[in-house]
Amino acid sequence: MTRTAQQTFWSDQALATAREAAADGRTIAVVNDFADGEQCSWCDCSDDQVLGDTDGHHCAGCAQPAGSVLRVHDGTRLRRDLPVCTGHRDEAVVFVYRMLGSQP
C-alpha cells in the first residue's frame, strides 16, 4: 500500500514534532506512522528464547503485514523504526518505553 499525499503530510508533521519533543534527550517520542508495505517485525518468542538463545533458536517473526510503523525518537541522531501489525502495536509501545525509559 502506497501512502497518499495527505498521509505523507501528516507523517512529516508528526515526525517533526517528535524530533523537537525528544531534542532535550530526556523525552521519548513515538510516532504511530502509516505503514508503506512493511511486514511486522515483532517476535512472539519467550524472553528466555530471545535473550538466552541457548538452543540456537531463530525466530521467523510475525507473518502479518504491518499496520503501522512506530518511529521512535530519543534525542539522538538515531531513529528506530519498528514495523508492527495491529495486534503487536501496543506491546511494542510498552516495550519501547520500558527499554528506553529506563536508561539514564
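Every chain is numbered independently, its residues counted from 1 as its sequence is written. The predicted nature of this model means local features are confined to residues of pLDDT at least 70 and side-chain atom pairs, given and counted, to a pLDDT of 80 or more, with totals for whole chains, interfaces and linings taken over all residues. Remark: hydrogens and water are excluded; side-chain values derive from all non-hydrogen atoms of the structure.

Draft legend 1. Structural context of the overall build of the chain. Along its length, the chain carries 3 helices and 3 strands. Summary of the burial criterion: residues with accessible area below 20% of their type's maximum are buried, those above 50% are exposed, and those between are partly exposed, where the area comes from a 1.4 Å probe applied to protein chains only. For the chain, the residues scored as buried account for 28% of the 104 residues in total. Taking all contacts inside the chain whose residues are at least 6 apart in sequence as the whole, residues at least 24 apart take part in 61%. To qualify as a helix, a DSSP run of H or I must reach at least 4 residues; to qualify as a strand, a run of E must reach at least 2; elements of each kind are numbered from the N terminus. Whether two residues are in contact is decided by their heavy atoms, any of which lying within 4.5 Å being enough.

Draft legend 2. Molecular detail of helix α3 (residues 89–101). In a helix, the anticipated span is given by 1.5 Å times the number of residues less one. In a regular helix each residue adds 1.5 Å, so 13 residues correspond to 18 Å; α3 covers 18 Å between its end C-alpha atoms and thus fits that length. On its buried side, α3 packs onto β1 (29–34), β2 (68–73) and β3 (80–84).

Draft legend 3. Representation of a nonpolar patch on the surface. Candidate patch residues must exceed 30% relative accessible area and have no salt bridge, after which like charges are joined if within 9 Å and Val, Leu, Ile, Met, Phe, Trp or Tyr side chains if within 5 Å. Per-residue and other accessible areas were derived by the Shrake-Rupley procedure at a 1.4 Å probe size, with only the shown protein chains allowed to occlude residues. What makes a salt bridge here is a side-chain nitrogen of Lys or Arg within 4 Å of a carboxyl oxygen of Asp or Glu, nothing more. On the surface, a cluster of nonpolar side chains totalling about 340 Å² of accessible area is made up of Phe-9, Trp-10 and Phe-34. Mapping Phe-34 onto the fold places it in strand β1.

Draft legend 4. Broad picture of helix α1 (residues 5–22). Along its 18 residues, α1 runs 26 Å from first to last C-alpha, staying within 8% of the 26 Å computed at 1.5 Å per residue. Looking only at α1, the buried set comprises Gln-7, Ser-11, Leu-15, Ala-18 and Ala-22. One face of α1 carries all of its buried residues, which in axial projection span an arc of 65°. Opposite the packed face of α1, turned more than 90 degrees from it, sit the exposed residues Ala-5, Gln-6, Trp-10, Thr-17 and Glu-20. Contacts from the buried residues of α1 go to β1 and β2. The reported arc concerns the directions from the helix axis to the C-beta atoms and nothing else.

Draft legend 5. Representation of the sheet that holds β3 in the model. Ordered by their spatial adjacency, 3 strands build an open sheet running β1-β2-β3, and the pairing between neighbours is antiparallel. The open sheet has two edge strands with one neighbour each: β1 and β3. Neighbour to neighbour, the strand axes of the sheet diverge by 25° on average, direction disregarded. Where β1 meets β2, 6 bridges bridge the pair, whose relative direction is antiparallel. Considered in β2, the bridge of Asn-32 is made with Leu-70. Strands pair, by our definition, only if DSSP identifies at least two bridges between them. Convention adopted: a line fitted to C-alpha atoms gives each axis, helices being fitted over their contacting stretch, and angles between N-to-C directions are expressed from 0 to 180 degrees.

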